Amino acid sequence: MAMSKSRRFSLYYFSSPQSFYPLAGAMQPWFAALAVLLCAAGLYIGFFVAPTDAQQGEAYRIIFIHVGAAWMSMFLYLVMGFWSGVGLVLNTRLSSMVATALAPTGALFTFIALWTGSFWGKPTWGTWWAWDARMTSELILLFLYVGFMALQAAIDDQRRADKAGAVLALVGVINIPIIYFSVKWWSTLHQGASVSLTSAPTMAKTMLLGMLIMALGFWMYSIAATLARVRCVILERERHTEWVEAEIGRQT
Amino acid sequence: MIRALAWVLRRDMLLAFRRRGDVVNALVFFVIVVSLFPLGVGPEPNQLRGMAPGVLWVAALLACMLSLARLFAPDHQDGTLEQMLLAGEPLVVLVMGKAISHWLVSGLPLVLIAPLLGLQFDLPGNALAVLSVSLLLGTPVLSLIGAVGAALTLGVRGSGVLVALLVLPLFVPVLIFGAGSVGAAVAGTGAEAHFLLLGGFLALSVVLAPWACAAALRIAME
C-alpha cells in the first residue's frame, strides 16, 4: 500500500474520535436523506406497484418491512461483533464506541422483525406466535442484544464496559449459528406446528425489487442512526477534553 | 500446569466442604422447583411424563445459574483472584479448575438426584438413564459458559440478575438437546444424536470458554 505523505489521507486519521466526529457529522445527513428516499420508494412499490399475492392477499405486503428488518437484525449483530473484536485487539476507542452505538439499532430491528412477523402470522397462519425456528432464534437474538446493552449499562468504568461488552458480543457471534441450528432442529423434531415459510411461491419481480429497495433503505437508516449515536457517545465520553468544549461552545 | 489445576480443585473442594450449606441449598432449590410444577399444572401422569424432561432441565439451568455468583466473587473479595492473575501458571488452566470445581459442587449433585425426581414424574427406566447421561454431558457446559458470564459481571452492581440475562440465552442449545434426548427416549426414537450434539457442545466449550473467561477476568481486574 502506498504511503500517503499527507496525514489527512491516512485511514487511521479517522480512528481518533476527535477527527471522526466531524466526518460522521458530514456523512450523517446524506445517509439519512438516502434512507428516507429509499424507504419512501420501497414503500411506494410495496403498497401501490407490487401485485396482490394470489395466496396471501394483501397481508403479504408486510414482508417489505419484515424481511429487511430481519436481515438487518442479524447483520448488525455481526457488525457489532466485528467492531467489538477490532476494539478488543487493537484497543481503539472508536471501535468500541461504534459497537455501543450499533446495539440499540440492532435491537430495534430485531423487535420490528418480531412485531411485524407477528402481524403477518395472524392473517396467514392464524396465530400471533408460533414456536417456529426463525421466530424463536430471532427472539433469542433480541435477548442477546438486551444482554449486551444491560452489561454495558451496568459497568461504570467505561473501558471495562467496552471490553466486557466486546467479549460478550464475540461469545454471542460464535453462539448465534449454534443457537440457530439448535432451534431449527428442535422445531423439526416438534412436527406439530405445521408452519412453513419455505413453501412460498416464487416472487414477482416487483415484489423482490420493493423488498431490496426497502432493505437498502434500512441499511442507510442503520448507518445514519449509528453515526448520529456515535457522535453523542463521542461527545459524552470526551467531554473533559478541550476540543469538545470548543465544539459545544461553537454550537451554542 | 496439572499441579496448578489440582491446586485450584483441591482448594475449591475444601472450601465447598467447609461450607456444605451452600451446596445443599442449590440442591434443595432444584428439588423444590421441580416439585412445584406438578402442584401448578395438576397431577395427571401423562401430562407430567411429557413435561418432565423440560422441567428437570430448566430447573437444572436455574440451579446451576444461582451458584454462579459464588464462582469468583469470594476470591475477588479476599484477593485470591489477583494472586491467580499474577501467578506464573496460565490463567486459562486456573479458570478451568474453577469451572470443574463449580461443576463438581453444583452440577454433579443434580445429575445424581435427577433420576429420583424423574421417578416422581413417572418417567420409565430407560428415560431415567438417558436423563442422567444428558445431564452428565450438559451440566459441565453450563458451568463453563456460566463461568464466562460470572467473570463478565464480577463486581458489577446487580450482577445476580445480569448474569441470568447474559447466560440464559446462551444455555438454549444445551436445554434443547438435553431435554430433547429424554423426550426422544420417552418417544422411543433413541437419544444417540442428542448425546453426540451435547458432547460436541462440551468439547467446544472446553476449548473456548476458559479462554473467554480468562479474558473477561483480566478485563474485570484491570
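Up top is the structure these notes are about.
Within each chain, residue numbers correspond to sequence positions counted from 1 in written order. Labels follow written order: the first chain is A, the first ligand is 1, and so on. Local features in this predicted model are restricted to residues whose pLDDT is 70 or higher, and side-chain atom pairs enter the listing and the counts only when it is 80 or higher, whereas totals over whole chains, interfaces and linings include all residues.

## Looking at the overall build of chain A
Think of it this way: any DSSP run of H or I at least four residues long counts as a helix, any run of E at least two long counts as a strand, and we number them from the N terminus. Scanning chain A from N- to C-terminus turns up seven helices and zero strands. Reading chain A from its N terminus to its C terminus gives the helix and strand order α-α-α-α-α-α-α. Burial statistics for chain A: of 252 residues in total, 38% are counted as buried. C-beta atoms are first placed from the backbone for all residues, and any pair lying within 7 Å is then listed as a contact. The contacts of chain A with a sequence gap of at least 6 include a subset with a gap of at least 24, amounting to 79%. Buried, partly exposed and exposed are defined by the number of other C-beta atoms within 10 Å of a residue's own C-beta, namely 20 or more, between the two limits, and 12 or fewer respectively, with C-beta atoms placed from the backbone.

## Observations concerning the interface of chain A and chain B
If you look at the interface, chain A gives 23 residues, while chain B gives 22 residues. Elements supplying a minimum of two residues to the side of chain A that touches chain B: helix H4 (133-154) and helix H5 (158-189) of chain A. Per-element tally for the side of chain A that touches chain B: the top contributor is H5(A), with 14 residues. Ten residue types, Ala, Val, Leu, Ile, Met, Phe, Trp, Tyr, Cys and Pro, are classed as nonpolar, four, Asp, Glu, Lys and Arg, as charged, and the remainder, Gly among them, as polar. Its residues assigned to classes, the side of chain A that touches chain B shows 18 nonpolar, three polar and two charged.

## Brief notes about the environment of A:Gly217
Residue and element names in this part refer to chain A. Among the secondary structure elements, Gly217 is positioned in helix H6 (residues 205-237). Sequence spacing of Gly217 and Ala32 is 185 residues, and the spatial spacing of their C-alpha atoms is 9.2 Å. Beyond its immediate chain neighbours, meaning those up to four positions away, Gly217 contacts Ala35, Leu38, Cys39 and Gly42.

## A short note on the environment of B:Ser134
Residue and element names in this part refer to chain B. Relative to the helices and strands, Ser134 resides in helix H7 (residues 125-152). Residue classification places Ser134 among the buried residues on the basis of 29 C-beta atoms within 10 Å. For the pair Ser134 and Trp57, spaced 77 residues apart in sequence, the C-alpha to C-alpha distance is 9.5 Å. Contact partners of Ser134, with chain neighbours within four places excluded, come to Gly178, Ser181, Val182, His194, Phe195 and Leu198.

## Some remarks on helix H3 (residues 93-125) of chain A
Residue and element names in this part refer to chain A. The span one expects for a helix is its residue count, reduced by one, times 1.5 Å. Between its first and last C-alpha atoms H3 spans 47 Å; for 33 residues at 1.5 Å apiece the expected length is 48 Å, and the two agree. At Leu102, H3 shows its largest kink, close to 25°, and the proline Pro104 lies no more than four residues downstream. Looking one or two residues beyond H3, the residue adopting positive phi is Gly126, at roughly 85°. One axis fitted to the seven residues ending at a residue, another fitted to the seven starting there: the angle between these axes is the bend at that residue.

## Examining the nonpolar core
One finds B:Ala151 and B:Ala216 to be the most contacted residues of the largest nonpolar core, which totals 140 residues. It is helix H8 (residues 159-187) of chain B that provides the largest number of residues to this core, a total of 18 residues. The nonpolar core is taken to be a set of buried Ala, Val, Leu, Ile, Met, Phe, Trp, Tyr and Cys residues joined by way of C-beta atoms within 7 Å.

## Notes on helix H1 (residues 17-49) of chain A
Residues and elements named next belong to chain A. Compared with an ideal rise of 1.5 Å per residue, which puts 33 residues at 48 Å, H1 spans 44 Å between its outermost C-alpha atoms and is within 8% of the ideal. Helix geometry: H1 is bent most strongly at Met27, by close to 30°, with proline Pro29 lying one to four residues after it. Every buried residue of H1 is accounted for by Pro17, Tyr21, Ala24, Phe31, Ala35, Leu38, Cys39, Gly42 and Gly46. Buried residues along H1 sit against helix H2 (63-90), H3 and H6.

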